[in-house]
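Structural overview
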Amino acid sequence: MASLQDIGVSAFINIVGAFAFLLAFAVLRIQPINDRVYFPKWYINGGRSSPKRRGNFVGKFVNLNIMTYFTFLNWMPQAMKMSEAQIINHAGLDSAIFLRIYTLGLKIFVPITILALLILIPVNVSSGTLFFLRKELVVSDIDKLSISNVRPESIRFFIHIALEYLFTVWICFMLYKEYDNIASMRLRFLASQGRRAEQFTVVVRNVPYVSGRALSDTVDQFFKTNHPNTYLCQQAVYNANKFAKLVRKRDRLQNWLDYNQLKFERHPDKRPTRKIGFLGLWGERVDSIDYYKHQMQDFEKRMTLEREKILKDTKSMLPVAFISFNSRWGAAVCAQTQQSKNPTFWLTNWAPEPRDIYWRNLAIPFVSLTIRKLIISISVFALVFFYLIPIAFVQSLANLEGLERVAPFLRPVIELKFIKSFLQGFLPGLALKIFLHFLPALLMIMSKIEGYIAVSALERRTAAKYYYFMLVNVFLGSIITGTAFEQLDSFLHQSPTQIPRTIGVSIPMKATFFITYIMVDGWAGIASEILRLKPLVIFHLKNMFLVKTDRDRERAMNPGSVDFPETLPTLQLYFLLGIVYAVITPILLPFILVFFAFAYLVYRHQIINVYNQQYESAGAFWPHFHSRVIASLLISQLLLLGLLSTKKAAKSTPLLVILPVLTLYFHKYCKHRFEPAFRKYPLEEAMAKDIADRTSEPELNLKADLADAYLHPIFHSFEEEELVEVQSEKDKHQSDVTSELSSPSPPHQTSTHSSQPHQYHPPPPEHVYYPSSPPQHVYVPSSPPRYMYYPSSPPRYAYNYDNEP
């Protein structure tokens, strides 16, 4: 068990580590060569260009202005300058609500910390119970500040109960105000949005098969019959696995073509060549540019044939479709009602915004979804219990005294002063952090298998799984296994009837382990977040070894987004720890406050300058977060109730029974009062916006805008390609004419190499960007589209290679 000295060692290591990360960040962020790593958001939005190149060659890469190195903390006030309204316009409502969670933590825990430290600490310290139990249990000086130090049957427990009531009322009051504010922000945000495709579109799944009729005809007839006045058009979904493979191969060829063209532009006196054998190792040597252009042309023909085959094959059509309506009101009615007598057919829901769709899961049947969710639920349950093994190992590091009593031969090694402080004060938190590092990625894979069709839904489900894991393993698992290791000698030598009393006294003592975890994860971990060491290294490695084209450079600058599947459950864990230990061991609260304040500054900076959100859900994650804070309240109340029962506080314990009931009633009220704003779209609001549209634009043609709104990016690129090729041919012809007039012979003919490469002369079209990893299941319209849909938000990448520092 960590002592005050161990906590001090851990605090020193983590503070020094956090300061080192901040100092490294302050130095690296002002270097011209790192500008795109630490400010990519502004490059994407077009609000920033590369730093001016001044001075000598070194000045292009290193900041030579000495004065800027003395303002290494100026990022903090700069992060606070942008208002919440500006953050919403700059980064979206999701980011603004995410930041409000940190301010909510400060609003809740600052008053609670002051009251707990002023009232509960003196009450606990003056009791002195642990002095008499020192021979039976493993205790430390910090435990004297907890409720474990209060004598059984003491009247002082009424103070703890009174503060539990007061803290519950305060937390519920702040949650109510925050829920009200966020619900209002969401409604205002949705009302202020312009006309978007997802406002008029519904996704329908599990379309029934009718013998002798194409699925698209079945969908068309159903919605014309049941929504005759509002139904506008549909977009069918097709299985395009083979087409996706062709696109991936074509993208690789395009990359090599761009690379060779860029290489030729830099050295026009020598055209690049390659061998046409396996991996370019043997065979006839040919001109690389002509070779890849010829390969690209071949792939275009194959893709055209494959696309026509997909459209003509009725078996490739999947029982999913995107249905567009001529009004928001019509879409709201369809999305929020049951369409068929059989509730397993014609399942409708709001379509995610186009950039939020996870295409692979569109074609999963209804029955398969149920089976998948059952399998994943069992897998998550097994994973939770599997992780109890490493959690127990971590707790064995945190409780060396208990092991010493059972295994005295370990004492010479772990009794060294600094080693013991390091093992108990720093290593347990670090080990737990390492064990949890890869878990969110694994849980995201499980969520994808479950079949959710939106990236935002996938992240919310992953966050839910991670929260349950943190609750069972990190919180309850650490308490149970930690108590077992701490009091191992007591468990082995006392009667079974005394074990509940031992656990009740020991649970508050686990605050020392959570304090070390908070310092590792919430102090040094947050400081490492702003340093972005991993993206920094990857960016420069890609620039040195992998970047061949402008498109490669854009990918190397990918800033990512707020990692909601990991950050939200971690936030919920901190709320849980603060709420549970506020009455039991209040000395933990100051460490929580430091985390909320520091993390708020760091994530504010990251959201303003770095992260570029992939989607906008308008705060759809907030109801889940609110429910888990309520769950933390219930856990704290039940834990205190059980703890007082082990203290034989029969007179005071019944006063706590009513508190969970009141908390559940409050949760039910908030759920009915505010949650509909996050789950449904009011028909009144939909009709009001429809009327406003018809008034301002009487000749509005929605079908032109919605016809291709949910066309997959692969087919967007394919259609755009046909348009680009015409202009590319004109540009190429003009370039050839200019080249012939200005040069008597082509550049490649000036080479004196004895083995002249064979030349290909197919018409080489230019190509647009194709995704590197297209999904297995995609959809295309039943007829070639006439209009292209472009999202209202700016593109994710706007990279200017010419301005590269």
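This report concerns the structure included in the present document. Every value quoted in this text rests on a predicted model; they were computed, and no experiment measured them. (Residues numbered from 1 in each chain as written. Predicted model: local features only at pLDDT ≥ 70, side-chain atom pairs only at ≥ 80, totals over all residues. Heavy atoms only, no water.)

**Remarks on the overall build of the protein**
- Helix and strand counts for the protein come out as 33 helices and seven strands.
- Considering only contacts within the protein whose residues lie at least 6 apart along the sequence, 84% involve residues at least 24 apart. (Helix = DSSP H or I, 4+ residues; strand = E, 2+ residues; numbered from the N terminus. Contact = heavy atoms within 4.5 Å.)

**Some remarks on the pattern of salt bridges**
- A complete count under the given rule lists 16 salt bridges for this structure.
- Salt-bridge contacts for Arg 271 lead to Asp 290; the nearest nitrogen and oxygen are separated by 3.9 Å. Placement of the pair is Arg 271 in the loop between helix H10 (241-266) and strand S3 (273-275) and Asp 290 in helix H11 (residues 288-312), with a sequence separation of 19 residues. Across the pair, Asp 290 and Arg 271 agree in class, each one buried.
- Asp 690 is the salt-bridge partner of Arg 328, the closest N and O atoms lying 3.2 Å from each other. Of this pair, Arg 328 sits in helix H12 (residues 328-335) while Asp 690 sits in helix H31 (residues 683-696); the two residues are 362 residues apart in sequence, bridging distant segments of the chain. (Salt bridge = Lys/Arg side-chain N within 4 Å of Asp/Glu carboxyl O. Buried < 20%, exposed > 50% of the residue type's maximum accessible area, 1.4 Å probe, protein only.)

**Brief notes about the packing of helix H26 (residues 564-584) against helix H28 (residues 622-646)**
- The interhelical angle for the contact between H26 and H28, taken along N-to-C directions, is 30°, at an axis separation of 9 Å. By the angle between their directions, the pair H26 and H28 is classed as roughly parallel. Between H26 and H28 the crossing geometry is right-handed. Across from Leu 568, Leu 571, Gln 572, Phe 575, Leu 576, Ile 579, Val 580, Val 583 and Ile 584 in H26, the residues of H28 making contact are Phe 625, Arg 628, Val 629, Ser 632, Leu 633, Ile 635, Ser 636, Leu 639, Leu 640 and Leu 643.
- Split by residue class, the contact of H26 with H28 holds 15 nonpolar, three polar and one charged. (Axes fitted to C-alpha atoms, helices over the stretch in contact; angles between N-to-C directions. Parallel < 35°, antiparallel > 145°, perpendicular 65-115°, else oblique. Left-handed = near helix turned anticlockwise from the far one by under 90°. Nonpolar A, V, L, I, M, F, W, Y, C, P; charged D, E, K, R; others polar.)

**Concerning the nonpolar core**
- Phe 98 and Tyr 581 are the most contacted members of the largest nonpolar core, which totals 139 residues.
- Excluding anything up to four places from it in sequence, Tyr 581 contacts Phe 475, Ile 479, Ile 507, Pro 508, Lys 510, Ala 511, Phe 514, Pro 586 and Leu 588.
- Residues Ala 236, Ala 240, Val 247 and Ile 323 belong to the second largest nonpolar core, which totals 37 residues. (Core = buried A, V, L, I, M, F, W, Y, C linked by side-chain atoms within 4.5 Å.)

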